[in-house]
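Descriptive analysis of the structure
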Amino acid sequence: MKRTDKRSFLLIIPAVLIIYGGLRLYRDPIDTYTWTELLINYAAGFMRRGLIGKIGYWVSPYISVKFFLSALITVGYLLHLILYARLARNIEFYEWLLFAFSPTAFLFPIYDFSAFGRKDVFLIFIFLFVFQLIQRRTAWKILLPLMLILYQTGILIHEYALFYFPFAVVLILICYRDRSEQEKVLLAFLAGFFILVNLYWIYALSKRYYNLDLIPASWVGLIPAYNLTPQSGAFGWLGVPLKEGLQPVFDKLSYPQTFFSYLFALLLSLFPLLLLNARYQISAAVRHSLTTRWINVLILLLFLFTTAIFIFSSDWGRLIYLYGFNLFPGLVVVKDCLGCTDQTQNEKALRSEYALLGAGLLFLLFSGTWFVKQYVDGGNIALQQGLIFQILDWIR
């Protein structure tokens, strides 16, 4: 079997699970957090996270909004697989496989169904699409405005997109390092302006949530068969003041087993990235290619900004998931842009029976024994038993 055929065949597994998840989402009660957040729209005034709900509002007179959004989300997840297959087609099979079946990558919303259908599906599509534009060295005059438009659209869908915007800027600074200093300064200015304006804008919109009638008012008439109330799903969280909203984050910091279970999940999620970097020595190539001091400082500041989201969000499992879909594909893009080659020295030893058994064991343990929940309360453990244990429970 050819390499591309083998990879395409393996991606059928998450594709089938995604389609099943889409059907399950369609059958899910409308008053869950996932659905009520999806259905927030602009009918009662302009609010953050309202773009997808507004699209649903437009189509609701002609087609069931629940069917439309379930189908749209399912297609979005499937597009992730296609974009990943194209983006990572030039890396070795083992690292490709390890990320594809990581419990914090494509299988994350399958393992924890409360994460399936969240607006992350649209954000990851934007991330991967922009990364592919960078990988293909799209013309500078096309890339910059298109990137800003796509990420601004992402921010209208969910403000998380803003905190992952720096990854795209870093990739451009690395992959377009041959551009003039003036163009790089322009990119830095645009990125800083984009971040600051959106931070202010999100804060201004957040103040409107003290008018707690806006969220349920946006649901009125959207699905006539259901009477969504101010106590339904997303309202209970999106309508709370900042202090109460941050309390779950403080709980995670104050309960060691919660904090460290998320920390271990984050470290586990980095394994595919670390193996990819070890094979192609990508970080060393980046250090060699970036010789301008101010660009190095800017990249450091951008990375620090991305970590701020952990302070303001309690869904740390989702953040690990979104980080993974920036870090690993981003490293793949850098590898292709810098022309990094396989640095493993002894190919014969790597392909020996012993090495294959070791690689198989690592894959089995990494992909089959754990997963991380998108959210747990303080005092609970985020790491859960993975696919192998679930199969054994099913057999029992």
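Our structure's up above, just so we're on the same page.
Residues numbered from 1 in each chain as written. Predicted model: local features only at pLDDT ≥ 70, side-chain atom pairs only at ≥ 80, totals over all residues. Heavy atoms only, no water.

What follows concerns the overall build of the protein chain. Counting secondary structure elements, the protein chain contains 22 helices and two strands. Looking at the 396 residues of the protein chain, the share that counts as buried comes to 50%. By sequence separation, contacts in the protein chain at least 24 residues apart represent 80% of the contacts at least 6 residues apart. For the protein chain, the computed accessible surface area is about 19,000 Å², with 67% contributed by carbon and sulfur atoms. (Helix = DSSP H or I, 4+ residues; strand = E, 2+ residues; numbered from the N terminus. Buried < 20%, exposed > 50% of the residue type's maximum accessible area, 1.4 Å probe, protein only. Contact = heavy atoms within 4.5 Å. Areas by Shrake-Rupley, 256 points an atom, 1.4 Å probe, with all protein chains shown as cover.)

What follows deals with the environment of F106. Within the secondary structure layout, F106 lies in the loop between helix 5 (93–100) and helix 6 (108–111). Measuring from C-alpha to C-alpha, the distance between F106 and L11 comes to 9.7 Å, with 95 residues separating the pair along the chain. F106 has contacts with H80, L81, Y84, F99, A100 and F325, leaving out every residue within four places of it along the chain.

With 18 residues, helix 8 (residues 140–157) should reach 26 Å at 1.5 Å per residue; the first-to-last C-alpha distance of 26 Å fits that figure. Taken together, the buried positions of helix 8 are occupied by W140, L143, L144, M147, L150, Y151, G154, I155 and I157. Buried residues along helix 8 cover an arc of 150° about the axis, so they all sit on one side. Facing away from the buried side of helix 8 by more than 90 degrees, the exposed set consists of K141 and I149. (Expected span 1.5 Å × (residues − 1). Arc of directions from axis to C-beta.)

This part covers the state of the cysteines. A covalent bond bridging the sulfur atoms of two cysteines is what the word disulfide describes. One pass over the full model with this rule turns up one disulfide. In this model C340 remains outside any disulfide bridge; the closest cysteine sulfur is found in C337, 9.5 Å from its own. A relative accessible area of 12% means that C340 is categorised as buried. (Disulfide = S-S within 2.5 Å.)

What follows covers the packing of aromatic side chains. A full pass over the atoms with the stated rule returns 37 aromatic pairs. For the ring pair F99 and F325, a centre distance of 5.4 Å and an interplane angle of 80° mean the geometry is edge-to-face. Here F99, found in helix 5, pairs with F325, found in helix 19 (residues 316–337); they are 226 residues apart in sequence, far enough to count as distant. As far as burial versus exposure is concerned, F99 and F325 are alike and both buried. When the centroid spacing of 5.6 Å and the interplanar angle of 85° are considered together, the rings of F167 and Y323 count as edge-to-face. Of this pair, F167 sits in helix 9 (residues 160–175) while Y323 is found in helix 19, placing the two residues 156 residues apart along the sequence. The ring centre of Y176 lies 4.5 Å from the NZ or CZ of R137, which sits over that ring. Directly above the aromatic system of Y280 lies the positively charged group of K335, at a separation of 4.9 Å from the ring centroid. (Phe/Tyr/Trp six-rings, centres within 6.5 Å; stacked < 30°, edge-to-face > 60°. Lys NZ or Arg CZ within 6 Å of the ring centre and 35° of its normal.)

Let's shift gears to unusual backbone geometry. A negative phi angle characterises most non-glycine residues, just as the trans form characterises most peptide bonds. With phi around 55°, R137 is a residue other than glycine that occupies positive phi space. With respect to the helices, strands and loops of the structure, R137 is situated in the loop between helix 7 (120–135) and helix 8.

Here the focus is the nonpolar core. As a rule of thumb, nonpolar side chains are buried together in soluble globular proteins. Within the largest apolar cluster, 121 residues are counted, with the highest numbers of intra-cluster contacts made by L39, W96, I134, M147, Y151, Y164 and I172. Sequence-distant contacts of M147, that is, excluding residues within four places in its chain, are made with V130, F165, A168, I172 and L187. (Core = buried A, V, L, I, M, F, W, Y, C linked by side-chain atoms within 4.5 Å.)

Another aspect to go through is the environment of I126. Along the chain, the position of I126 falls in helix 7. When the C-alpha atoms of I126 and G154 are compared, they prove to be 7.2 Å apart, with 28 residues separating the residues in sequence.

Further remarks concern a nonpolar patch on the surface. A surface patch of nonpolar side chains, amounting to about 820 Å² of accessible area, comprises L364, L387, I388, F389, I391, L392, W394 and I395. With seven residues, helix 22 (residues 387–395) is the largest single contributor of residues to the nonpolar patch. Structurally, L364 can be placed in helix 21 (residues 353–368). (Patch = residues over 30% accessible without salt bridge, like charges linked within 9 Å, V, L, I, M, F, W, Y side chains within 5 Å. Salt bridge = Lys/Arg side-chain N within 4 Å of Asp/Glu carboxyl O.)

Mapped onto the elements of the fold, K54 is located in helix 3 (residues 51–59). One buried charge, K54, has no salt-bridge partner; the nearest side chain with opposite charge is E37, at 18 Å. (Lys, Arg positive; Asp, Glu negative; His and termini not counted.)

Once that is clear, we can look at the packing of helix 4 (residues 65–87) against helix 7. It is at 9 Å that the axes of helix 4 and helix 7 come closest, and there the two elements cross at 25°. Relative to helix 7, the element helix 4 is oriented roughly parallel. Between helix 4 and helix 7 lies a crossing whose hand is left-handed. Only V121, F122, I124, F125, L128, F129, F131, Q132 and Q135 of helix 7 make contact with helix 4, whose side of the interface consists of L72, I73, G76, Y77, L79, H80, L83, Y84, R86 and L87. Split by residue class, the contact of helix 4 with helix 7 holds 14 nonpolar, four polar and one charged. (Axes fitted to C-alpha atoms, helices over the stretch in contact; angles between N-to-C directions. Parallel < 35°, antiparallel > 145°, perpendicular 65-115°, else oblique. Left-handed = near helix turned anticlockwise from the far one by under 90°. Nonpolar A, V, L, I, M, F, W, Y, C, P; charged D, E, K, R; others polar.)

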